[in-house]
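# Survey of secondary and tertiary structure
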Amino acid sequence: VAIRKTDGTPPVLLGDGSSGGLSPDGKWAAAVFPGSPSQVTLYPVGPGQPVQIPLPQLEHVDNGSAMFLPDGRHLILTGNEHGHSRRTYEMDLNGHDFHAVTADGQVAQLPSPDGKYLASMGMGGKLVIYSMDGGAPQYIPALPADYSPVQWDKDGQSLYVASPLTVPMHIYKVEVKTGKMAEIKTISPADSDGVVYISPILSDTSGSVFVYSYYQLLSNLYVISGLK
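Throughout what follows, the structure given in this document is the object of discussion. (Residues numbered from 1 in each chain as written. Predicted model: local features only at pLDDT ≥ 70, side-chain atom pairs only at ≥ 80, totals over all residues. Heavy atoms only, no water.)

## Regarding the overall build of the protein chain
Within the protein chain one finds 0 helices and 21 strands. A principal-axis box enclosing the C-alpha atoms of the protein chain has dimensions of 70 × 45 × 40 Å. The buried share among the 228 residues of the protein chain stands at 37%. The long-range share in the protein chain, meaning contacts at least 24 apart out of those at least 6 apart in sequence, stands at 31%. (Helix = DSSP H or I, 4+ residues; strand = E, 2+ residues; numbered from the N terminus. Buried < 20%, exposed > 50% of the residue type's maximum accessible area, 1.4 Å probe, protein only. Contact = heavy atoms within 4.5 Å.)

Here it is as structure tokens:
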């Protein structure tokens, strides 16, 4: 696990594990220990000592799934208890108040600004919203399948979503209650030759800044002559 600035300076090593998210104040980085027993480690970005949170109730924790909620005092992560399939859990920074947020087989990792909801891709490629307090999953009206959530808008009433895996990729702002969509951004690498897909995509809550990666597959074409 390492952290780096966006000015091109080298990354700074924090410790072992699979990196999750930063705390809202930027002072801690959450990481999943890739082994047994299951645990989450909080690494200080500056001075300080790592904090280990043991999770004996979990059989497995997904790599990179430990994320801070907006209050900075709780985490969500994906894993499974003995006898259960994968789902998303919430806990405080001491590993207490540990409980499942989603049902077996359902996972979600994108918290709303107020920390009351999680957005994720659900069954059949439908975008689904889970309440942190329980209750039935909610679906956005009329939103076609395969639109994945990128980020919540700062007002918590809309989501930024990405169109299916196409190049260029179109970003839309969609109202959660009505499903009303508006295109706000088109993303395409400067050199799109051989670009297979664009993913992952990150954004701020204003929808004004986007960071993305893409997979590019290039090959050489040869001409063979004189064959007999």
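There is more to say, and it comes next.
## Some thoughts on the sheet that holds strand E15 (residues 138-139)
Read from one edge to the other, the open sheet built from 4 strands follows the order E12-E13-E14-E15, with strand pairing classed as antiparallel. Where the open sheet ends on each side, the last strands, each with one partner, are strand E12 (110-111) and E15. By the bridge criterion, 2 bridges tie strand E14 (residues 127-131) to E15 in an arrangement that is antiparallel. Its bridge partner being in E15, Val-128 is matched across the sheet by Tyr-139. (Pairing = 2+ DSSP bridges.)

## Considering the pairing of strand E10 (residues 87-92)
For E10, a buried count of 6 out of 6 residues is recorded, marking the element as mostly surrounded by other parts of the structure. Burial along E10 is two-sided: the residues Arg-87, Tyr-89 and Met-91 and Thr-88, Glu-90 and Asp-92 are all buried. Of the strand pairs in this sheet, strand E9 (residues 74-81) and E10 are connected by 6 bridges, and their pairing is antiparallel. Paired with Leu-77 across the bridge in E10 is Tyr-89.

## Observations concerning the pattern of salt bridges
The full count for this structure, using the stated rule, is 4 salt bridges. For Asp-104, the salt bridge identified is with Arg-87, shortest N-O distance 3.3 Å. With Asp-104 in the loop between strand E11 (99-100) and E12 and Arg-87 in strand E10, the pair connects residues that are 17 residues apart, well separated along the chain. Note on Arg-87: relative accessible area 12%, which makes it buried. Its salt-bridge partner being Asp-153, residue Lys-173 comes within 3.6 Å of it at the nearest N-O pair. You can see Lys-173 sitting in strand E18 (residues 169-175) and its partner Asp-153 sitting in the loop between strand E16 (148-152) and strand E17 (158-162), a full 20 residues away along the chain. Residue class for Asp-153 comes out buried when judged on its relative accessible area of 4%. It is possible to trace a salt-bridge network through shared partners that takes in Glu-81, Arg-87 and Asp-104. (Salt bridge = Lys/Arg side-chain N within 4 Å of Asp/Glu carboxyl O.)

## Section: the layout of surface pockets
The gaps left among the atoms become clear once a water-sized probe is rolled over them. Volume-wise, the second largest pocket comes out at about 250 Å³. A per-class count over the lining of the second largest pocket returns 6 nonpolar, 4 polar and 3 charged. (1 Å grid on protein atoms, 1.4 Å probe; cavity = no way out; pocket = protein on both sides within 12 Å on 5 of 7 lines; lining within 4 Å. Points joined across faces, edges and corners; volume = space filled by probe spheres on them. Nonpolar A, V, L, I, M, F, W, Y, C, P; charged D, E, K, R; others polar.)

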